Number of protein chains: 2
Amino acid sequence: MEAIADPAGLTKFIRDVPDFPKKGIVFKDITPLLGDPRAFRTAIDRLAAPFEDKHIAQVAGVESRGFLLAGAVAMKLGAGLIPIRKKGKLPRRVLRAQYALEYGKDMVECHADAARRGSKILLIDDVLATGGTAAASVRLLELLGARVAGIAFLIELDFLNGRKKLKNHSVHSLIHY
Amino acid sequence: MEAIADPAGLTKFIRDVPDFPKKGIVFKDITPLLGDPRAFRTAIDRLAAPFEDKHIAQVAGVESRGFLLAGAVAMKLGAGLIPIRKKGKLPRRVLRAQYALEYGKDMVECHADAARRGSKILLIDDVLATGGTAAASVRLLELLGARVAGIAFLIELDFLNGRKKLKNHSVHSLIHY
């Protein structure tokens, strides 16, 4: 699959893996990008860049691959870090938001005291696909009373129209397919 | 539980949660530390500090909480990032290392091409408890042919003697209980 835009030259560090996690899906493997010091730094710098002067209090990362990027972006922005986790992983009182799967549904959780009301949060994940997890994560942050100042992805799969589920939000993706 | 050493003043950002994930275990909840911009930066700076001049090529983080720290430490050190994942999560050919659980066993995996032979790697996780996961992660990195230049934890539970499983390695923990 050709990348539509790749200003930072990052796509050569992303591998297509056919039929993973199941038949018919082409998985975007970002591990070569993470593993290369220059590519990793470029990606983090570019994920953070639009938000440098936005007074982001915390960066929220979506479990698990979002964690790999969110910690680094938080460090870059001088922000704190909020883990948005799968069900049952967090030890204290949580807030929840559901999203639909192909069959059934799943949910994301964060601690009920993870953010102060009104604080500005940047949401980070590796891939924007159908947008279900990202939209649920946005709802979760809004339940906290936080302001979602932006949403940044390493990769956006344009043909899946996930961005439609995130309307009214500033969505920033480094690489489009 | 009192901290034995806390030079950076980080323990006030760590909460004890009794009986999580199961009865009798006191869970160390690090989410307040992650969420606070200054505490997070202090923790990352101090995790990275002993390795600043060690020419670390890559930082390996253990899924999932290790990912939150490892990405930020990699950024700080100008290194790449290797995700050490739970079974079945990585799309390409993997190497595996097993470790014992209370009942049964589990394994960690990384891509077989995740590191160059001889490259220096810093292993990061949030908590050193019994040391099973950390020791398996070290074996995994050695299977890759990499050199484990150090192992850094936010928290070490001294009374569980996990460090014994990591002998011959430089182990660096910010907070001891």
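Residues numbered from 1 in each chain as written. Chains lettered and ligands numbered in written order. Predicted model: local features only at pLDDT ≥ 70, side-chain atom pairs only at ≥ 80, totals over all residues. Heavy atoms only, no water.

Q: How do you make sense of the relation of the copies chain A and chain B when you look at a structure like this?
A: Mapping one chain copy onto the other needs a rotation about an axis and a shift along that axis. Mapping chain A onto chain B calls for a rotation angle of 180° and an axial translation of 0.0 Å; the resulting RMSD is 0.0 Å. The superposition operator between the copies reduces to a two-fold rotation axis. Measuring from the rotation axis to each C-alpha of chain A, the shortest distance belongs to A72 of chain A, at 1.9 Å. A symmetric contact is evident, with 100% of the interface residues of chain A recurring at the interface of chain B. (Least-squares fit on C-alpha atoms with pLDDT ≥ 70 in both. Contact = heavy atoms within 4.5 Å.)

Q: When you look at the side chain of D29 of chain B in this model, what are you seeing that I'm missing?
A: Its place among the elements puts D29 of chain B in strand 2 (residues 26-29). Overall, D29 of chain B belongs to the buried group, its relative accessible area being 1%. Of the polar contacts made by the side chain of D29 of chain B, one reaches the side chain of T31 of chain B; its length is 2.9 Å. Apart from residues no more than four positions distant in its own chain, D29 of chain B is found in contact with P91, R92 and H111 of chain A together with F13, I14, R15 and V17 of chain B. (Helix = DSSP H or I, 4+ residues; strand = E, 2+ residues; numbered from the N terminus. Buried < 20%, exposed > 50% of the residue type's maximum accessible area, 1.4 Å probe, protein only. Polar contact = N/O pair within 3.5 Å; in protein donor to acceptor, adjacent residues only side chain to side chain.)

Q: So what exactly am I meant to see when it comes to the packing of helix 2 (residues 37-48) of chain A against helix 3 (residues 65-77) of chain A here?
A: Between two packed helices, what matters for the description is the angle formed by their axes and the separation of those axes. All names here are of chain A. Across the interface, helix 2 lies against helix 3 with an axial gap of 9 Å and an inter-helix angle of 65°. Crossing geometry of helix 2 relative to helix 3 is assigned as right-handed. Contacts between helix 2 and helix 3 pair F40, I44, D45, L47 and A48 from the former with L68, L69, A72, V73, K76 and L77 from the latter. Grouping the constituent residues of the contact of helix 2 with helix 3 by class yields 9 nonpolar, no polar and 2 charged. (Axes fitted to C-alpha atoms, helices over the stretch in contact; angles between N-to-C directions. Left-handed = near helix turned anticlockwise from the far one by under 90°. Nonpolar A, V, L, I, M, F, W, Y, C, P; charged D, E, K, R; others polar.)

Q: How do you make sense of unusual backbone geometry when you look at a structure like this?
A: A negative phi angle characterises most non-glycine residues, just as the trans form characterises most peptide bonds. Residue S64 of chain A is bonded to the preceding E63 of chain A through a cis peptide linkage, with omega at -10°. The residue S64 of chain A is located in the loop between strand 3 (58-62) and helix 3 in this model. A cis amide bond links F20 of chain B to the next residue, P21 of chain B, at an omega of -5°. By the element assignment, P21 of chain B lies in the loop between strand 1 (15-18) and strand 2.

Q: I keep staring at the interface of chain A and chain B and nothing clicks. Help me out?
A: Quoted interface sizes are often the accessible area lost when the parts come together. Tallying the contact residues gives 40 residues for chain A and 40 residues for chain B. At the boundary of chain A with chain B, total buried surface from both sides reaches about 3300 Å², with 62% on carbon and sulfur atoms. Put simply, chain A and chain B have 2 salt bridges between them. Put simply, R15 of chain A and D113 of chain B hold a salt bridge, and the shortest N to O gap is 2.7 Å. Sorting the residues of the side of chain A that touches chain B by element identifies strand 1 (15-18), strand 2 (26-29), helix 1 (31-35), helix 2, helix 3 and strand 4 (80-86) of chain A as the ones contributing at least two each. It is helix 3 of chain A that provides the largest number of residues to the side of chain A that touches chain B, a total of 8 residues. (Buried area = accessible area lost by both parts, 1.4 Å probe. Salt bridge = Lys/Arg side-chain N within 4 Å of Asp/Glu carboxyl O.)

Q: Is there a simple way to think about the packing of aromatic side chains in this case?
A: Centre-to-centre distance and the angle between the planes together describe a pair of aromatic rings. Residues and elements named next belong to chain A. The full count for this structure, using the stated rule, is 2 aromatic pairs over all chains. Relative to F27, the ring of F20 has its centre 5.1 Å away and its plane inclined at 80°; by these criteria the two rings are edge-to-face. You'll find F20 and F27 in the same group, each marked buried. A cation sits over an aromatic face here: K28 above Y177, 3.6 Å from the ring centre. (Phe/Tyr/Trp six-rings, centres within 6.5 Å; stacked < 30°, edge-to-face > 60°. Lys NZ or Arg CZ within 6 Å of the ring centre and 35° of its normal.)

Q: For this particular structure, what's the right way to read the confidence of the model for chain A?
A: Regions with low pLDDT carry predicted coordinates that are not meant to be interpreted in detail. Looking at chain A as a whole, the pLDDT averages 96, with 98% of positions reaching at least 70. Complex prediction metrics read pTM 0.97 and ipTM 0.96. (pLDDT = per-residue confidence, 0-100.)

Q: What is the right way to look at helix 3 (residues 65-77) of chain B in this model?
A: In an α-helix, one turn spans 3.6 residues; hence positions three or four apart end up facing the same way. All names here are of chain B. The terminal C-alpha atoms of helix 3 lie 19 Å apart, and with 13 residues this matches the ideal 18 Å at 1.5 Å per residue to within 8%. Of all 13 residues making up helix 3, 11 are buried, and the element is well covered by its neighbours. Two residues or fewer after helix 3 comes G78, characterised by a positive phi angle close to 65°. (Expected span 1.5 Å × (residues − 1).)

Q: I'm lost on the nonpolar core in this one. Help?
A: One broad rule of soluble globular proteins: the nonpolar side chains tend to lie buried together. Judged by nonpolar contacts, the single largest core of 70 residues is most densely connected at V59 of chain A together with V59 of chain B. The contacts of V59 of chain B, once residues within four sequence positions are left out, are A70, V73, A74, L77, A79, G80, L81, I82, L122 and I124 of chain B. (Core = buried A, V, L, I, M, F, W, Y, C linked by side-chain atoms within 4.5 Å.)

Q: Explanation requested: the pattern of salt bridges in the structure shown.
A: Opposite charge on two side chains permits them to pair, given that their charged atoms come into close proximity. Counted under the stated rule, the structure contains 21 salt bridges over all chains. The salt bridge involving K28 of chain A is made with D16 of chain A; its shortest N-O contact spans 2.5 Å. Of the two residues, K28 of chain A is situated in strand 2 and D16 of chain A in strand 1; the sequence distance between them amounts to 12 residues. The class of K28 of chain A is buried, set by a relative accessible area of 5%. A salt bridge links D53 of chain A to K54 of chain A, with the nearest nitrogen and oxygen atoms 3.6 Å apart. Look at K54 of chain A and you get partly exposed, because its relative accessible area is 35%. One network of salt bridges, in which partners are shared, links R15 and D29 of chain A together with D113 of chain B.

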